[in-house]
Every structure is written in C-alpha cells, then in structure tokens.
Amino acid sequence: MAYRITGHSTEFCSCHATCPCAFGLPPDRGRCTGVFSFHIESGKADGVDLANTYALLCASFGPTPWTAGGFEAVLILDANGSRAQRDAIKAI
C-alpha cells in the first residue's frame, strides 16, 4: 500500500522520557504500556483522502522492542471517518 500522511501524534507511556521505544530500542522498564494518539492533518493512502482523521493505538509490549512484533494492541478509529478512511488507516 502506498501512502503519505502528515499530522501530529502524542504518546503517553510507562517508559521514562525520552521513550526508547520510539527509536526501536527495548522498553526501559521491561515493558511499555501506552496510548498513542494520531491526528492525520493531510495525506492519502491508495487514493483515499485521509485529511482530518484521528486514530488511537493502545499497546503493550516488551521486553523486546515493538519492532520485534508480538505485542498486544487495540486500534480505535474515528467514527466520523468514512469506511474507506478507516480501512486505509487499518492497513497502514
């Protein structure tokens, strides 16, 4: 899937600041549990306009970096977004 998005994100997690997970390192407390919010201000995914959509990712992983996989997560998508927008965000 080809996509390009811009926007803002905010994270609140159990790691010390600065969260090592953002850099592909293991959680500094053995496990990272957090909420990550995303406001997509502009962009497209496979031709679907994603401007002004929102998503939350609630995740827990460790002791390995999130890039190693094997984490538990819930993705919460903006109910005001269209089905096509929600499907595109899930695919990303």
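Quick caveat: nothing in here was measured; it's all calculated off a predicted structure. (Residues numbered from 1 in each chain as written. Predicted model: local features only at pLDDT ≥ 70, side-chain atom pairs only at ≥ 80, totals over all residues. Heavy atoms only, no water.)

A.B. asks: Help me understand the pattern of salt bridges in this model?
C.D. replies: Pairing between side chains of opposite charge can happen when their charged atoms approach one another. In this structure the tally under the stated criterion is 2 salt bridges. We note a salt bridge from Asp87 to Arg83, for which the minimum N-O separation is 3.9 Å. A residue pair is termed a helical-turn pair when its members lie 3 or 4 positions apart in one helix, as Asp87 and Arg83 do in helix H1 (residues 83-91) at 4 residues. In this structure, Asp87 engages Lys90 in a salt bridge whose closest nitrogen and oxygen atoms are separated by 3.6 Å. (Salt bridge = Lys/Arg side-chain N within 4 Å of Asp/Glu carboxyl O. Helix = DSSP H or I, 4+ residues; strand = E, 2+ residues; numbered from the N terminus.)

A.B. asks: Could you clarify how one ought to interpret a nonpolar patch on the surface in this entry?
C.D. replies: A cluster of nonpolar side chains, contributed by Met1, Tyr3, Ile5 and Ile92, occupies part of the molecular surface with about 370 Å² of accessible area. With respect to the secondary-structure elements, Ile92 resides in the segment after H1. When its relative accessible area of 38% is taken as the criterion, Ile92 is described as partly exposed. (Patch = residues over 30% accessible without salt bridge, like charges linked within 9 Å, V, L, I, M, F, W, Y side chains within 5 Å. Areas by Shrake-Rupley, 256 points an atom, 1.4 Å probe, with all protein chains shown as cover. Buried < 20%, exposed > 50% of the residue type's maximum accessible area, 1.4 Å probe, protein only.)

A.B. asks: Looking at this structure, I do not really get unusual backbone geometry. What am I missing?
C.D. replies: Note on backbone geometry: most residues besides glycine have negative phi, and most peptide bonds are trans. In the segment running from Gly62 into Pro63, the intervening peptide bond is cis, with an omega of 5°. Inspection of the secondary structure assignment puts Pro63 in the loop between strand E4 (53-61) and strand E5 (72-77). A positive phi is found at Asp46, a non-glycine position, where the angle reads about 45°. Topologically, Asp46 is positioned in the loop between strand E2 (32-45) and strand E3 (48-49). The exposure class of Asp46 is exposed, given its relative accessible area of 53%. For Asn52, which is not a glycine, the phi torsion comes out positive at approximately 60°. Note on placement: Asn52 falls in the loop between E3 and E4.

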